[in-house]
Amino acid sequence: MNKLVDKVNHNPDDKQQVFETIHRLMHHFRARQYRLIQENGVDLTHMQHKVLGFFARHPDASLSDMVSYTGKDKAQIARLITEVRSKGLLDAKADASDKRITRLKLSPEGSKVFESLKAAEKELSELAVQGLTEEEYQTLLALLARIKSNIATC
């Protein structure tokens with residue numbers, strides 16, 4: 001039935017179709033990614049996973065750093081950080097020069113969880129592009145980069 005529904009509004013001249021396809025693709029990718037998180041025995045929501053990833057890439061960052069980076073609401077980010085800390089995946093320490101600022105980084109358990117999630121995502125990414133030749137893969141990346149560039153200049 002999904003195939004029939006997908007073709008209902010199919011118009012080959014509709015340029016919006018590209019973004020609808022990208023959106024559906026990312027929805028499928030994220031759903032499978034979430035299942036991988038659960039299969040790895042990790043009790044994290046999608047947004048908690050994002051918090052873990054941010055502090056993996058930005059060790060010793062603060063709540064304010066993450067708010068600036070994501071543009072999300074400070075209260076929402078604070079709740080997410082609290083949830084991830086309660087799972088023992090983040091370590092916190094006071095900033096050396098300003099004790100009001102808390103610096104966060106992955107705990108040893110958080111590092112272990114993050115590495116397992118990265119491995120699962122790599123496996124999923126490889127599965128997603130299987131069957132593409134190297135030339136097709138490079139062409140896909142180049143086309144997506146052009147689309148991104150077109151949007152960035154708007």
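To be clear, the structure that these remarks concern was listed above.
Residues numbered from 1 in each chain as written. Predicted model: local features only at pLDDT ≥ 70, side-chain atom pairs only at ≥ 80, totals over all residues. Heavy atoms only, no water.

### A short note on the packing of helix α2 (residues 16-39) against helix α6 (residues 108-128)
Relative to each other, α2 and α6 sit at 140°, their axes nearing to 10 Å. In terms of orientation, α2 and α6 fall into the oblique class. Relative to α6, the crossing made by α2 is right-handed. Contacts between α2 and α6 involve Phe29, Arg32, Gln33, Leu36 and Ile37 from the first element and Leu117, Ala120, Glu121, Leu124 and Ser125 from the second. Considered class by class, the residues forming the contact of α2 with α6 number six nonpolar, two polar and two charged. (Axes fitted to C-alpha atoms, helices over the stretch in contact; angles between N-to-C directions. Helix = DSSP H or I, 4+ residues; strand = E, 2+ residues; numbered from the N terminus. Parallel < 35°, antiparallel > 145°, perpendicular 65-115°, else oblique. Left-handed = near helix turned anticlockwise from the far one by under 90°. Contact = heavy atoms within 4.5 Å. Nonpolar A, V, L, I, M, F, W, Y, C, P; charged D, E, K, R; others polar.)

### Focus on the nonpolar core
One recurring pattern in soluble globular proteins is that nonpolar side chains are buried together. By size, the foremost hydrophobic cluster in this structure holds 21 residues, and its most contacted members are Leu44, Val51, Leu52 and Phe55. With residues up to four places along the chain from it excluded, the contact list for Leu52 reads Leu44, Val84, Leu89, Leu106, Gly110, Val113, Phe114 and Leu117. (Core = buried A, V, L, I, M, F, W, Y, C linked by side-chain atoms within 4.5 Å. Buried < 20%, exposed > 50% of the residue type's maximum accessible area, 1.4 Å probe, protein only.)

### Side note on the side chain of Gln48
With respect to the secondary-structure elements, Gln48 resides in helix α3 (residues 46-57). Here Gln48 falls in the buried class, since its relative accessible area comes to 5%. Among the polar contacts made by the side chain of Gln48, one reaches the main-chain amide nitrogen of Thr45 at a distance of 2.9 Å. Apart from residues lying up to four places away in sequence, Gln48 is in contact with Asp43, Leu80, Glu83, Val84 and Lys87. (Polar contact = N/O pair within 3.5 Å; in protein donor to acceptor, adjacent residues only side chain to side chain.)

### Quick word on the packing of aromatic side chains
Applying the stated criterion across every chain, the model contains two aromatic pairs. Judged by centre distance (5.0 Å) and plane angle (90°), the rings of Phe54 and Phe55 are edge-to-face. By relative accessible area, Phe54 is classed as buried at 3%. Arranged with centres 5.3 Å apart and planes meeting at 50°, the rings of Phe54 and Tyr69 form a pair that is tilted. With a gap of 15 residues between them, Phe54 in helix α3 and Tyr69 in helix α4 (residues 63-70) connect regions that are remote in the sequence. Tyr69 gets classed as exposed once you look at its relative accessible area, which sits at 54%. Each residue in the set Phe54, Phe55 and Tyr69 is aromatic and connected to the rest through ring pairs, giving one cluster. (Phe/Tyr/Trp six-rings, centres within 6.5 Å; stacked < 30°, edge-to-face > 60°.)

### A closer look at the environment of Glu39
Relative to the helices and strands, Glu39 is located in helix α2. A relative accessible area of 54% means that Glu39 is categorised as exposed. In the structure, Glu39 is positioned 81 residues away from Ala120 in sequence and 9.8 Å away in space, judged by C-alpha atoms. At 3.2 Å, the side chain of Glu39 forms a polar contact with the side chain of Arg32.

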